[in-house]
Amino acid sequence: MAFRLGCSLFSSIRSSSSSVQLKSLYSTTKPLSRQSKMTEKGPIQTAVHEKLTSALKPEYIDVINESSMHNVPPGAESHFKVVIVSSAFENISRIKKHQLVHQAIQEELENNIHALSIVAKTPKEWEANSNVGKSPPCQGGSGL
């Protein structure tokens, strides 16, 4: 039951780009001022979004397919960034937040996802800093 997390793995990056106001956060679970690069979501991206929404009831969620930034075939769904804000993350460590995300999408991690970047915050943490950094460029790879 092992899976590989590769090129774009990081837990949280702070930057001054892509800020989102918290007051808008509670009105929708769709991306606010940040839009996903893909307009059509594939089946894996859709499954990840649905499972995380069901399990963690987020106030905000964005599941971004970053596969096109890597050495994979066109249309691949193997590299993702998840930005999720949920009250389910209250009073738990960053590791536990990531474990909750992993548990919700375990099947996708075991079978389809090669790399996963997670930004998981409570509403209070998001209010204090809603900035999400850009993912680093791919460092290569064999395209396997």
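Parameters and conventions
- Residues numbered from 1 in each chain as written.
- Predicted model: local features only at pLDDT ≥ 70, side-chain atom pairs only at ≥ 80, totals over all residues.
- Heavy atoms only, no water.
- pLDDT = per-residue confidence, 0-100.
- Helix = DSSP H or I, 4+ residues; strand = E, 2+ residues; numbered from the N terminus.
- Contact = heavy atoms within 4.5 Å.
- Pairing = 2+ DSSP bridges.
- Axes fitted to C-alpha atoms, helices over the stretch in contact; angles between N-to-C directions.

(A) Quick peek at the confidence of the model for the chain. On average, residues of the chain score 77 in pLDDT, and 70% of them reach the 70 mark or higher. Taken element by element, the predicted model of the chain shows its lowest mean pLDDT in helix 1 (residues 22-25) (32) and its highest in helix 3 (residues 94-104) (98). Of the regions scoring below 50 in pLDDT, residues 1-38 engages in 101 contacts with residues more than four places distant in sequence or in other chains.

(B) Geometry of the sheet that holds strand 3 (residues 115-121). Strand order in the open sheet formed by three strands is 1-2-3, and the pairing between neighbours is mixed. Each having just a single partner strand, strand 1 (60-65) and strand 3 make up the two edges of the open sheet. For this sheet, the mean angle separating the axes of adjacent strands, direction not counted, is 10 degrees. In terms of strand pairing, strand 2 (residues 79-85) meets strand 3 through seven bridges, oriented parallel. Residue Ile84 lies in a different strand from strand 3, and its bridge partner there is Ala120. Its contacts with the sheet place helix 2 (residues 43-56) against strand 1 and strand 2, and it is angled at close to 160 degrees to strand 1.

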